[in-house]
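# Secondary and tertiary structure notes
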Amino acid sequence: MSLEPEKTPNWQQSKAGSNIRRYFSIYAALWKNSVTRELTFKSNFLLWIFVEVLWFGLQLSFIGVLYLHTDQIGSWTKWQVVMLVGASHFIQQIFQAFFLINCTNLSELIRTGKLDFLLLLPANARFLISLRQVDLGGFVNAAFALCVMGYAAEKLHYVPNIAEVTGFLFLCAAGILIHYSLMFLLATISFWTVRAQGVVWGYYNLFQIARMPDEAFQGLFKAVFTFAVPMLLVSNVPVRLLVGKMTSSVPLFILLSMSVACYVLSEWGWRAALRHYTSASS
Amino acid sequence: MMKKYWHVFNIGIQNNLTYRFNFLARAIFGLVPLIAILYVWQSIYAGKPRGSAVGAYSLGEMISYYLLVTVVDALTAVNEDDWQIATDIKEGNISQFLLKPIDYQAYRLCLFFSGRLTYLIVAALPLGIFIGCFHNYFVLPADGWTWSCFLFSTALTALLQFFTSYAMAMLAFWVLEVSTFIFILFAFEYIASGHLFPLDILPHGVERALFLTPFPYQLYFPVSIYLGKTKGADLMWGLLIQATWVLLAFGLARFAWGRGIKRYSAVGG
């Protein structure tokens, strides 16, 4: 009995450690599952990569056409914008690799009642729902995006140092967290109206704003897509850091606080949705 | 004879209206990237001396180009028809049509038109507000003749869009997953039909090459008629070529259906 207070901290620590290890092993199993799934449809896997490459090329050629008729958009030069489109593609693809299918599948899980089984599993339900499938093609496409960014850096005669690259990757992670939180929040709408795919699809449309240079925008539009749906921060801020276009630390601070705010908001929405949930069959 | 298709049209409208929320979301979210593109153009023009043009476009003309693209797109774009047709084939839903005295292609065409009509009804409000904001740039065509050519060409565009998607969906007879192919076609269409920018700001050679494909006739052509960029003999030739593409797409769709059905009965029988 008297030993108990001493034991507690130790026990808690090891519990937290084993918990993390447990979630890692669950995630490893989900990965294995996804790899097996992709390998069953190899040609389809390659075709999807081709589709993404095609769309990426399309965005780049749009930039090419714009810069046939101008030298600068705000202070952004051609290769800086190529860098921006590349970074935006990188962020989007990593987001897609981890989260996109899972977010869009949520309404299907609700409609078919499969969500009940996931809720019963002895693991965090949001973790399982958010990370159930891994889209491996996303990593391949993210690598292509990095290649394009490398080429643009070469054209800019620019070699970023380790600190800038680390900072860039960290800010990308913040951007991905924003995308994930907002998309997940939108997907939870399907707890109320089962067909929320239109909204999720709509959000996907907004990715297009993220690859445009922030200086082109003003007024209400800029305010909305900075503070409500921070599309204009997600890839612009990391690229500004990377190519040395950061004039003040304010955007950095806004990006980081927005990513925390979005995550908190999505967690709140998720809990409200679960409280509301009564299963499809009842 | 026509009555049954009228019924299909009606049912289509009712079905689509149940998804009005989706349509509305689609219309509203679809406008946002467009507004972003307009901002980018505005800042490009702002960086130039006052009154300069990009290609043959002043800022006002550029904005009215995108407004018209939105309108023509709302009138003619294939929404989910290609997916649905592919699913019908994959899941064997078409078997019932082989037994009924109804033509599947005509049935789908009715559903396509009803889908467009419902979309227009739902999207009218956001579209109207959007165009209202830019009403200074929204000019009417020069004369009645331009109007009628524009409407005729828009109708051809709708048919061309539908038949190409239909022919594409026929791939479902041969491959398991058609969505990749649909996306590949859509990518080409997106850039080469003038969704992203007017085709005549491209280098001349590229523009000419694009006009050898059906893509410009899927959107750009009617818009260019409306804006008075295509007129006279070019206009007549263009309409003729557009009509030819429609017929070709129709023929391809029929041909693919015929071949597909043979294969389908062989497998499913």
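Since the structure is predicted, the reported quantities are computational estimates derived from the model, not experimental observations. (Residues numbered from 1 in each chain as written. Chains lettered and ligands numbered in written order. Predicted model: local features only at pLDDT ≥ 70, side-chain atom pairs only at ≥ 80, totals over all residues.)

### A closer look at the overall build of chain A
Within chain A one finds 12 helices and 2 strands. In chain A, the order of α-helices and β-strands from amino to carboxyl end is α-α-β-β-α-α-α-α-α-α-α-α-α-α. Taking the principal axes of its C-alpha atoms as reference, chain A extends roughly 75 × 50 × 40 Å. Residues counted as buried form 35% of the 282 residues belonging to chain A. Contacts spanning at least 24 positions in sequence make up 79% of the contacts within chain A whose residues lie at least 6 apart. (Helix = DSSP H or I, 4+ residues; strand = E, 2+ residues; numbered from the N terminus. Buried ≥ 20, exposed ≤ 12 C-beta atoms within 10 Å, placed from the backbone. Contact = placed C-beta atoms within 7 Å.)

### Overview of the overall build of chain B
Scanning chain B from N- to C-terminus turns up 11 helices and 0 strands. Written out in order from the N terminus, the α and β elements of chain B read α-α-α-α-α-α-α-α-α-α-α. Relative to the globule expectation of 18 Å for 269 residues, the C-alpha radius of gyration of chain B, 20 Å, shows essentially globular dimensions. Dimensions of chain B along its principal axes, counting C-alpha atoms only, are 70 × 40 × 35 Å. With 269 residues in all, chain B has 38% of them scored as buried. (Rg over C-alpha atoms; globule rule 2.2 N^0.38 Å.)

### Side note on the environment of G175 of chain A
Within the secondary structure layout, G175 of chain A lies in helix α7 (residues 162-187). With 29 C-beta atoms packed within 10 Å, G175 of chain A lands in the buried category.

### As for the nonpolar core
Core analysis: the largest hydrophobic core is formed by 122 residues, its most contacted members being M183 of chain A together with V40, F163 and V223 of chain B. Considering every element that reaches this core, the biggest residue donor is helix α3 (residues 78-112) of chain A, with 17 residues. Each residue touching F163 of chain B, except ones within four places of it in the same chain, is listed here: V246, A249, F250 and A253 of chain B. Membership of the second largest hydrophobic core comes to 7 residues, among which are A27, V122, A123 and L127 of chain B. (Core = buried A, V, L, I, M, F, W, Y, C linked by C-beta atoms within 7 Å.)

### Side note on the packing of α3 of chain A against helix α6 (residues 137-155) of chain A
Residues and elements named next belong to chain A. As a packed pair, α3 and α6 sit with axes 8 Å apart at the nearest point and diverge in direction by 165°. As far as their axial angle goes, α6 and α3 are roughly antiparallel. The element α3 and its partner α6 pack so that their crossing is left-handed. Contacts from W79, V82, M83, G86, A87, H89, F90, Q93, I94, Q96 and A97 of α3 reach α6 at G138, F139, N141, A142, A145, L146, V148, M149, A152, A153 and K155. Its residues assigned to classes, the contact of α3 with α6 shows 15 nonpolar, 6 polar and 1 charged. (Axes fitted to C-alpha atoms, helices over the stretch in contact; angles between N-to-C directions. Parallel < 35°, antiparallel > 145°, perpendicular 65-115°, else oblique. Left-handed = near helix turned anticlockwise from the far one by under 90°. Nonpolar A, V, L, I, M, F, W, Y, C, P; charged D, E, K, R; others polar.)

### Details of the environment of G64 of chain A
Residues and elements named next belong to chain A. Topologically, G64 is positioned in helix α2 (residues 42-66). In this structure G64 comes out as partly exposed when scored by C-beta crowding, with 13 C-beta atoms within 10 Å. Sequence-wise, G64 and E108 are 44 residues apart; in three dimensions their C-alpha atoms are separated by 39 Å.

### Quick notes on unusual backbone geometry
Residues other than glycine predominantly adopt negative phi, and peptide bonds predominantly adopt the trans conformation. Residue and element names in this part refer to chain A. For H157, which is not glycine, the phi dihedral falls at a positive 50°. With respect to the element layout, H157 can be found in the loop between α6 and α7. The exposed category is assigned to H157, around which 7 C-beta atoms lie within 10 Å.

### Re the packing of α2 of chain A against α6 of chain A
All names here are of chain A. Following both chains from N to C, one finds α2 and α6 inclined at 35°, their axes separated by 10 Å at the closest point. Classified by chirality, the crossing of α6 by α2 is right-handed. Across the interface between the two elements, F45, W48, I49, E52, V53 and F56 of α2 pack against G137, V140, N141 and F144 of α6. Partitioning the contact of α2 with α6 into residue classes produces 7 nonpolar, 2 polar and 1 charged.

### A few points about the interface of chain B and chain A
Listed as interface residues are 28 residues of chain B and, on the opposing side, 32 residues of chain A. For the side of chain B that touches chain A, the secondary-structure elements that each account for two or more residues are α2 (20-46) and α8 (179-192) of chain B. The element that contributes the greatest number of residues to the side of chain B that touches chain A is α2 of chain B, accounting for 14 residues.

### Remarks on the environment of L60 of chain A
Residue and element names in this part refer to chain A. Positionally, L60 belongs in helix α2. Look at L60 and you get partly exposed, because 18 C-beta atoms sit within 10 Å. Residues L60 and G244, spaced 184 residues apart in sequence, show a C-alpha to C-alpha distance of 22 Å. Not counting chain neighbours up to four residues away, the residues in contact with L60 comprise V82 and V85.

### So, the confidence of the model for chain B
With 98% of its residues at a pLDDT of 70 or more, chain B shows a mean pLDDT of 89. Here the prediction assigns the complex a pTM of 0.88, and the interface score ipTM is 0.87. (pLDDT = per-residue confidence, 0-100.)

### Digging into the confidence of the model for chain A
Residues and elements named next belong to chain A. Taken over all residues, the pLDDT of chain A has a mean of 87, while the share at 70 or more is 92%. When mean pLDDT is taken per element in chain A, α6 scores highest with 95 and helix α1 (residues 4-40) scores lowest with 75. Considering only residues more than four positions removed or in separate chains, one finds that residues 1-9, a stretch of pLDDT under 50, has 0 contacts.

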